[in-house]
Amino acid sequence: MAFKHWISAIRLRTLPLAVASIGMGSFLAAKDNLFDKNVFGLAALTAICLQILSNLANDYGDAVHGADSTEREGPKRAVQTGAISKTAMKNAMIWLSVLSLVSGLCLLYYAINSRQDFLIFLGIGIAAIIAAITYTSGAFPYGYRGLGDIFVLIFFGWVATLATYYLHTHIFEPNYFLPATALGLLTVGVINVNNVRDIKSDKLAGKYSIPVRLGREKAVIYHWFLLIGALVLATLFVLQDFQGWQQFLFLLSGPFLWINGRAVQTKTEAMDLDPYLKQMAIATVIFVLTFGIGQLL
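So, here's what we can say about the structure. (Residues numbered from 1 in each chain as written. Predicted model: local features only at pLDDT ≥ 70, side-chain atom pairs only at ≥ 80, totals over all residues. Heavy atoms only, no water.)

1. Thoughts on the pattern of salt bridges
- Counted under the stated rule, the structure contains four salt bridges.
- Residue K31 is joined to D32 by a salt bridge in which the shortest nitrogen-to-oxygen separation is 3.4 Å.
- Among the residues examined, K31 registers a relative accessible area of 22% and is labelled partly exposed.
- Here D32 falls in the partly exposed class, since its relative accessible area comes to 27%.
- Two residues, R197 and D274, come together in a salt bridge whose shortest N-O distance is 2.4 Å. Highlighted residues: R197 in helix 8 (residues 177-197) and D274 in the loop between helix 13 (270-273) and helix 14 (275-296), separated in sequence by 77 residues.
- By relative accessible area, which is 6% here, R197 ends up buried.
- D274 gets classed as buried once you look at its relative accessible area, which sits at 10%.
- Overlapping salt bridges bring together R13, R197, D198 and D274 as one network. (Salt bridge = Lys/Arg side-chain N within 4 Å of Asp/Glu carboxyl O. Buried < 20%, exposed > 50% of the residue type's maximum accessible area, 1.4 Å probe, protein only. Helix = DSSP H or I, 4+ residues; strand = E, 2+ residues; numbered from the N terminus.)

2. Considering the side chain of S209
- Within the fold, S209 resides in the loop between helix 9 (199-205) and helix 10 (210-214).
- The contacts of S209, once residues within four sequence positions are left out, are G143, G146, N195 and D202. (Contact = heavy atoms within 4.5 Å.)

3. Description of the nonpolar core
- Counting 48 residues, the largest nonpolar core has F250 and F287 as the members making the most contacts within it.
- Elements that contribute at least two residues to this core include exactly helix 2 (15-31), helix 7 (148-169), helix 8, helix 11 (216-240), helix 12 (254-266) and helix 14.
- For this core, the leading source of residues is helix 11, giving 12 residues.
- Beyond its immediate stretch of four places on either side in the chain, F287 contacts M24, A182, L183, L186, A230, L231, A234, F250 and S253. (Core = buried A, V, L, I, M, F, W, Y, C linked by side-chain atoms within 4.5 Å.)

4. Quick notes on unusual backbone geometry
- Positive phi is not limited to glycine here, since N33 has a value of about 60 degrees.
- By the element assignment, N33 lies in the loop between helix 2 and helix 3 (37-65).
- Looking at N33, the relative accessible area reads 70%, which means it is exposed.
- In the Ramachandran plot, H170 falls in the positive-phi region, its phi being about 60 degrees despite a non-glycine side chain.
- Within the secondary structure, H170 is located in the loop between helix 7 and helix 8.

5. Here's the deal with helix 2
- Relative to the 24 Å expected for 17 residues at 1.5 Å per residue, helix 2 spans 24 Å between its end C-alpha atoms, a close match to the ideal helical length.
- Remark: the principal bend of helix 2, roughly 25 degrees, maps to G23.
- Within helix 2, 13 of the 17 residues are buried, which leaves it mostly tucked inside the rest of the structure.
- Backbone geometry just after helix 2 places N33 at a positive phi near 60 degrees. (Expected span 1.5 Å × (residues − 1). Bend = angle between axes of the 7 residues up to and from the residue.)

So this is what it looks like as structure tokens:
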């Protein structure tokens, strides 16, 4: 039973997102014939550790701050129900922080040649660990102030894509901000599904996410902006360096994004909307795969 609760707290359905973020930068490196399988493996491992750390911290933080209460209509969380104690969860967060740091250091030791780059990326890694923990934990959780979306855009979009590309290539390519931002918007979309689902309980707990601040109707418009915006940015990137129609393969993810947008718009009950959190994560992975394959073709 304890193992079952830990698996639930880890939230396996979110882990493909971590790999997708690393995948975008790796696909771009492969497009430029500079892909390194060891960089991909170590970066993916680090991203997965950070994602698990974020999920455990979210479970702990929402229980402590009251977002995971009896009023919450979504799935029950481990600390909320007492299945995992607060002390055990805090210890797990410490271990995941250490694992994230060790994995990241191994990545930097392998991929970085200069002291300056090492220190810059070490700072980025430490910032990522702090961001993962303080989303809903600590004295001033930024997720409760409606800042979660911008942090997700930064770390899952810009940092994950551009830093991964740099670790493969030792090149900074400003034009890759377009696909990095597209991926970031879709990852924010995953968070938005979660926050739209939890509007009622979050408002009661004082968690002022973007949907709580906007209200449900405007949060739906915001969701469509995220989905459509990602496709528009990916299209602009392709048009800047158009070589063949196969580069538009990412448009195959469009129907999956449409299904998600319609669900957020029409399904007002939390439990009816909950499956579309996983569906949005899968749609994001499909986007990355089709975009990357299209670039390689």
